[in-house]
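What the coordinates show
Below, each chain spelled out in residue letters.
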Amino acid sequence: MSENPPPAFDPGWLALREGADSEARATATLEALRAFLEGPGGAPRARPVRIADLGCGSGSQGRWLAPRLSGAQHWTLYDVDPGLLSLAGAYLPTTSADGARVNARMCLRDVGTITAQDLSGVDLVTGSALLDLLTHAELEAIVRAVTGAGCAALFTLSVAGRVELFPGDRDDPALTEAFNAHQRRGGRWGPEAARAAAGSFGEHGYRTLVSRSPWRLGPESVPLVRAWLRGWVEAALEQDPDAAVGGYLERRLGECERGELGVIVHHDDLLALPGEGPPPEEAVPHR
């Protein structure tokens, strides 16, 4: 998930962050994806766009993406939490950008077990706040499944390992370092996830675009900043109890409640496209 772990898949936390997620997702990747899905000349598709949403959670990626793509769409929603999966299916938009039908089926499944066969016929694999949670083996398995099926891939809001707080505090750098180390626990990619995935896709002949997708939070986002701050500090101190002197969290929460704290939480969005040709527009190739 993002630079913040209040409990990993709590529906309340997912709802709290959805607005910031929607504002943060990169437009450069979306424009390049639209061009790829439309194909040469923008001719109408003969069948619905087939999309697999890995680790869909409560469905925020589908709610953001489905209305931004034209044409009929058929989504397959994957998650290991049946409650979240039900929410995702219930609240997926029913129409696309041009009013065409959008429908979905739900699949209770660990995304680390997805294979190329599961993705046969899929046009796009997507996921949000997912890559940084994956181990090296899980990420490679997903890349092999996507490239084996020849799908495009869009993964948004992966932790980038950079946080800016205004005003600054002398303990901010140590807490950032400790939090990033916490994200790498258990062999997970953490803040290196998007770049690692781009490199792996490139080794399979894919063209990639990594774009920044930061949260920019101020006094209008006090509930989200409060929740993010608690999770960020608690995870960092779990990793390194000496990362901050006593009173840091209380001091920062006070600033937050008074509307005096601003935060930029950096993420990366990754688009990976099959086929030869130049990288997506504005991309830096990872080949």
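Quick note: structure is the one above.
Here is a short report on the structure shown in this document. All values reported here derive from a predicted model rather than from experimental measurement.

1. Some points on the nonpolar core
- In this structure, Leu165, Trp215, Trp228, Leu229, Trp232 and Val263 are the most contacted members of the largest nonpolar core, which totals 32 residues.
- For this core, the elements supplying multiple residues, two or more each, are α1 (11–24), β5 (152–166), α6 (172–183), β7 (215–217), α8 (222–239), α9 (248–257) and β8 (262–273).
- The element that contributes the greatest number of residues to this core is α8, accounting for 10 residues.
- Leu54, Phe155, Phe201 and Val210 belong to the second-largest nonpolar core, a separate cluster that totals 29 residues.

2. Concerning the environment of His267
- Checked against the element boundaries, His267 lands in strand β8.
- Sequence separation between His267 and Ser213 is 54 residues, and the spatial gap between their C-alpha atoms is 5.0 Å.
- Among the polar contacts made by the side chain of His267, one reaches the main-chain carbonyl oxygen of Val265 at a distance of 3.3 Å.

3. Side note on the packing of aromatic side chains
- The tally for this structure, following the rule as stated, stands at three aromatic pairs.
- A ring pair is formed by Trp13 and Trp215, whose centres lie 6.4 Å apart and whose planes are at 65 degrees; its orientation type is edge-to-face. Placement of the pair is Trp13 in helix α1 and Trp215 in strand β7, with a sequence separation of 202 residues. When sorted by exposure, Trp13 lands in the same class as Trp215, which is buried.

4. A look at the pairing of strand β2 (residues 73–79)
- In terms of burial, β2 is a largely internal element, six of the seven residues being buried.
- The pairing of strand β1 (residues 49–54) with β2 spans six bridges and is parallel. When the sheet's bridge partners are listed, Val49 is paired in β2 with Gln73.
- Note on the crossover from β1 through helix α3 (residues 60–65) to β2: the handedness is right-handed.
- Strand direction decides the pairing type here: β2 and strand β3 (residues 102–108), joined by seven bridges, are parallel. Across the sheet, residue His74 finds its bridge partner in β3, namely Asn103.
- Once the chain exits β2 it traverses helix α4 (residues 82–90) before rejoining the sheet at β3, and the crossover so formed is right-handed.

5. With respect to the pattern of salt bridges
- In total, this model carries 11 salt bridges according to the counting rule given.
- Among the salt bridges present, the one from Asp21 reaches Arg17, with a minimum N-O distance of 2.8 Å. With Asp21 and Arg17 both in helix α1 and four residues apart, the pair spans about one turn of that helix. Comparing Asp21 with Arg17, the two get one shared label, buried.
- Put simply, Glu257 and Arg226 hold a salt bridge, and the shortest N to O gap is 2.6 Å. Of this pair, Glu257 sits in helix α9 while Arg226 sits in helix α8, placing them 31 residues apart in sequence.
- Take Glu257: its relative accessible area is 46%, and that puts it in the partly exposed class.
- You can call Arg226 partly exposed: its relative accessible area is 27%.

Reading the values: rules and limits
Residues numbered from 1 in each chain as written. Predicted model: local features only at pLDDT ≥ 70, side-chain atom pairs only at ≥ 80, totals over all residues. Heavy atoms only, no water. Core = buried A, V, L, I, M, F, W, Y, C linked by side-chain atoms within 4.5 Å. Buried < 20%, exposed > 50% of the residue type's maximum accessible area, 1.4 Å probe, protein only. Helix = DSSP H or I, 4+ residues; strand = E, 2+ residues; numbered from the N terminus. Polar contact = N/O pair within 3.5 Å; in protein donor to acceptor, adjacent residues only side chain to side chain. Phe/Tyr/Trp six-rings, centres within 6.5 Å; stacked < 30°, edge-to-face > 60°. Pairing = 2+ DSSP bridges. Right-handed = clockwise from strand over helix to strand, strands pointing away. Salt bridge = Lys/Arg side-chain N within 4 Å of Asp/Glu carboxyl O.

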